[in-house]
Amino acid sequence: VVKNYFQLREFSFTLRDDVYLRFQSFNSPQELERELQKINPYKIDIGAVYSHRPNQHNTVHLGAFQPQEKELVFDIDMTDYDDVRTCCSSADICSKCWTLMTIAVRVIDRALVGGFGHPLTLLKVGLGGFRWVQVAKPPLPTPPGLTPAVPQGGADTVKKVTLSHPVHPFIRRSVAVVEKYFEEYALLGQDILGSPQKWDKVLALIPEDILPSWSSAGREGMKDSGQRWELLRARLERTRAGGRGPGPCYADWEVMLQFCFPRLDINVSKGLGHLLKSPFSVHPKTG
C-alpha cells in the first residue's frame, strides 16, 4: 500500500489578527491552491504526516490520531546569537552576523554526510534560517561515551561549551569548519578582543591557571584582536602539547564553538507535531 502523503499532511494557516487554522488537509494540490486563493492567509505552516487525515481528526477515536512522519528540520534563530554578536541584535541581520548562518550550514552538512539523504533548502529569513533534509536512512549511532558538546545554557550561563578528552570526532570536524570563519567573524567582524569589556568576556571562558601572567600591561602591548587571539592560542597549544593538568585543555576550541557553533532549536528537530513556516513563503512580520 502506497501512503498518500499529501492527503495525510497537515497544513496550518495564519489569518489576520493572528487567527490560526490548524489541521487543514486536502485531497490534491489543486484543492489546496483553491483554498489559498479563497482565504488568502498571511502565513502558511507545514506540519507532520498523520495517521489519519488532519481535517478529520475530530472524528477519530481519542489517541488514534498521531503524527507519524516529518522531514528532519534544523531551525536557527539569530536572536539566540545575541550574546556573541555586537553588530546587530534581535531580528536585525547584517553581512557580518550572516557569517554565522554560513558556518551553521557547513557544520550541519558535515553532520549529515553518510547518515542522511539530501539537504533541500536554506532559507534566508528575518530571524535566521532553516535546513530541510529528506531522510533516506536513519543516522548512524553515536559511539558509546562520545557525545557531541554544543552551546548549552541560557543568557545567564557564562561558559556554554565544555570539552573533555577524547573530543568527539564531529566536534573536531566542526572546529575545522569554524576555524575557517573565526577570524572573519569574531576577530575582525565582532572584534571580540578589542576592548577590556570584550576580552574579559573571552577570558572568563579560559581556566585562570592557563594565563596567570596576562596582566593589563601585557594586554596594552598588543594592537588588535588578531594579535591577542594568537597569543591566547599559542599559550593554550603549548599547554595542550605539554600535557599540563588532568587532561588536554581545549579552551581555544571552546571559545570558537561558543561564539560560532550552530544554536539549534532542538524542539523543531525532535517534535513530530511541530509546525514550520512553509519554504519560499514570506514571513508576515519581518517581510
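These numbers were taken from a predicted model, which means no experiment stands behind them.

Caption draft 1: Local environment of the pattern of salt bridges. The final tally for this structure, using the stated rule, is nine salt bridges. Of the charged contacts, one joins glutamate 71 and arginine 9 as a salt bridge, the two residues approaching to 2.8 Å between their closest N and O atoms. Residue glutamate 71 is located in the loop between β4 (67–69) and β5 (72–77), and its partner arginine 9 is located in strand β1 (residues 9–15); the two are separated by 62 residues in the primary sequence. Exposure remark for glutamate 71: the relative accessible area of 23% places this residue in the partly exposed category. Here aspartate 83 ties to lysine 160 by a salt bridge, and the two come within 3.3 Å at their closest N and O atoms. On the criterion of sequence distance, the pair formed by aspartate 83 in the loop between β5 and α3 (95–112) and lysine 160 in the loop between β7 (128–134) and α4 (169–189) is long-range, its members being 77 residues apart. The structure contains a network of salt bridges with shared partners spanning Asp83, Lys160 and Arg263.

Caption draft 2: Broad picture of the pairing of strand β3 (residues 43–50). Within β3, seven of the eight residues are buried, which leaves it mostly tucked inside the rest of the structure. The pairing of β1 with β3 spans five bridges and is antiparallel. Note on β3: the bridge partner recorded for phenylalanine 13 is isoleucine 44. Where β3 and strand β8 (residues 276–277) come together, two bridges link them in antiparallel fashion. Along β8, the bridge assignment pairs isoleucine 46 with leucine 276.

Caption draft 3: Summary view of the nonpolar core. If you look at the biggest cluster of nonpolar residues, it comprises 50 residues, and the most contacted ones within it are Phe182 and Phe259. When contributions to this core are tallied by element, the ones reaching two or more residues are β5, α3, α4, α5 (196–203), α7 (225–242) and α8 (251–260). A per-element tally of this core places α4 first, with 10 residues. The residues touching phenylalanine 259, leaving out its near neighbours within four places in the chain, are Val84, Leu100, Phe182, Tyr185, Ile192, Val202 and Leu205.

Caption draft 4: Spatial organisation of the side chain of threonine 14. Looking at where threonine 14 falls in the secondary structure, it is placed in strand β1. Threonine 14 gets classed as buried once you look at its relative accessible area, which sits at 5%. Each residue touching threonine 14, except ones within four places of it in the same chain, is listed here: Val19, Tyr20, Pro41, Tyr42, Lys43 and Asp45.

Calculation rules
Residues numbered from 1 in each chain as written. Predicted model: local features only at pLDDT ≥ 70, side-chain atom pairs only at ≥ 80, totals over all residues. Heavy atoms only, no water. Salt bridge = Lys/Arg side-chain N within 4 Å of Asp/Glu carboxyl O. Helix = DSSP H or I, 4+ residues; strand = E, 2+ residues; numbered from the N terminus. Buried < 20%, exposed > 50% of the residue type's maximum accessible area, 1.4 Å probe, protein only. Pairing = 2+ DSSP bridges. Core = buried A, V, L, I, M, F, W, Y, C linked by side-chain atoms within 4.5 Å. Contact = heavy atoms within 4.5 Å.

Limitation: the analysis is restricted to geometry and does not speak to function.
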